[in-house]
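# An overview of the molecular structure
Single-letter residue listing:
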Amino acid sequence: MEISGKMQAALSIAAELAVREEGPMTTTAIARNTGLSVSYIEVLCAPLRRAGIIVSARGPGGGYNLGRAPDEITVLELARAVDPDAIDRPRHSVDEAEASKETMAVHRLFESAATEIKHYLESSTVADAIEERVNYRQAASVERSRSRSVWDEAASHSAVAA
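Residues numbered from 1 in each chain as written. Predicted model: local features only at pLDDT ≥ 70, side-chain atom pairs only at ≥ 80, totals over all residues. Heavy atoms only, no water.

## Things to note about the overall build of the protein
- When helices and strands are tallied, the protein shows 7 helices and 2 strands.
- Listed N to C, the secondary structure of the protein is α-α-α-β-β-α-α-α-α in terms of helices and strands.
- Taken across its 162 residues, the protein has 28% of its residues classed as buried.
- Summed over its atoms, the accessible surface of the protein is roughly 10,500 Å², and 53% of this surface lies on carbon and sulfur atoms. (Helix = DSSP H or I, 4+ residues; strand = E, 2+ residues; numbered from the N terminus. Buried < 20%, exposed > 50% of the residue type's maximum accessible area, 1.4 Å probe, protein only. Areas by Shrake-Rupley, 256 points an atom, 1.4 Å probe, with all protein chains shown as cover.)

Following this line, the structure appears as structure tokens:
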């Protein structure tokens, strides 16, 4: 089990569509907001559409919308749609009869970790990702404000000293 770039990009696309206020969103608009290329977005939208995660609208004013509410789409579902091999890849099997206790312990540890990651992705939704993004942007905004305040204060002290 690995978290691939395709999975992260699919989540970014779904989050953009989820916060869209009206009408379908074009791949150009998604690209502008996510930093992904239009061609890569088109490649990822095909399996997302086949999985029913997004729907497309053709013609003028066309583009993509989410197929369901953001809190109904799990991150695991997105991941399986765009990169099923990374999620469902058969794990390395170990012959328990021939493996050492240490080898088996390590194997079980990684099996448990992969299972936990799947459970986490299954319990996380597009809505959760949007909430995290909002929290991150608010924290970044507060940090920028603090930085500006420090620089403004330093500049005013410099002006007074001059």
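## Side note on helix H2 (residues 27-34)
- What H2 keeps buried is the set Thr 27, Ala 29, Ile 30 and Ala 31.
- Among the structural elements, helix H1 (5-19), helix H3 (38-50) and strand E2 (63-66) are those in contact with the buried residues of H2.
- Of the residues trailing H2, Gly 35 is marked for its positive phi of about 85°. (Contact = heavy atoms within 4.5 Å.)

## Considering a negative patch on the surface
- On the surface, Asp 71, Glu 72, Asp 128, Glu 131 and Glu 132 cluster together to form a negatively charged patch.
- Here Asp 128 is to be found in helix H7 (residues 126-161).
- With relative accessibility at 33%, the residue Asp 128 sits in the partly exposed group. (Patch = residues over 30% accessible without salt bridge, like charges linked within 9 Å, V, L, I, M, F, W, Y side chains within 5 Å. Salt bridge = Lys/Arg side-chain N within 4 Å of Asp/Glu carboxyl O. Lys, Arg positive; Asp, Glu negative; His and termini not counted. Charge placed at Lys NZ, Arg CZ, Asp CG, Glu CD.)

## Observations regarding the pattern of salt bridges
- On inspection of all chains with the given rule, the structure shows 1 salt bridge.
- A salt bridge links Arg 68 to Glu 77; its shortest N-O distance comes to 2.6 Å.
- Since its relative accessible area comes to 27%, Arg 68 is described here as partly exposed.
- For Glu 77, a relative accessible area of 24% translates into the label partly exposed.

## Quick look at the environment of Pro 47
- Note on placement: Pro 47 falls in helix H3.
- Given a relative accessible area of 14%, Pro 47 falls into the buried group.

## What about the nonpolar core?
- Counting 24 residues, the largest nonpolar core has Ile 13, Leu 17, Leu 48, Ile 53, Ile 54 and Leu 78 as its most contacted members.
- At the level of secondary structure, the elements contributing two or more residues to this core comprise H1, H2, H3, E2, helix H4 (75-82) and H7.
- Counting residues in each nonpolar core, the second largest holds 7 residues, with Met 7, Val 75, Leu 76 and Ile 87 among its members. (Core = buried A, V, L, I, M, F, W, Y, C linked by side-chain atoms within 4.5 Å.)

## Examining the pairing of strand E1 (residues 54-57)
- As paired strands, E1 and E2 are joined by 4 bridges and run antiparallel to one another. Considered in E2, the bridge of Val 55 is made with Asn 65.
- Between E1 and E2, which follow one another and run antiparallel, lie 5 residues, and Gly 59 among them has a positive phi close to 90°. (Pairing = 2+ DSSP bridges.)

## Notes on the packing of H4 against helix H6 (residues 101-123)
- Two numbers describe how H4 lies on H6: the axes approach to 5 Å, and their chain directions differ by 110°. As far as their axial angle goes, H6 and H4 are roughly perpendicular. Contact residues: H4 offers Val 75, Leu 76 and Arg 80, while H6 offers Lys 118, Leu 121 and Glu 122.
- Classifying every residue of the contact of H4 with H6 by side-chain character gives 3 nonpolar, no polar and 3 charged. (Axes fitted to C-alpha atoms, helices over the stretch in contact; angles between N-to-C directions. Parallel < 35°, antiparallel > 145°, perpendicular 65-115°, else oblique. Nonpolar A, V, L, I, M, F, W, Y, C, P; charged D, E, K, R; others polar.)

## So, the confidence of the model for the protein
- Taken as a whole, the protein shows an average pLDDT of 83; of its residues, 75% reach a score of 70 or greater.
- Predicted confidence in the protein is weakest over H7, with a mean pLDDT of 69, and strongest over H3, with 96. (pLDDT = per-residue confidence, 0-100.)

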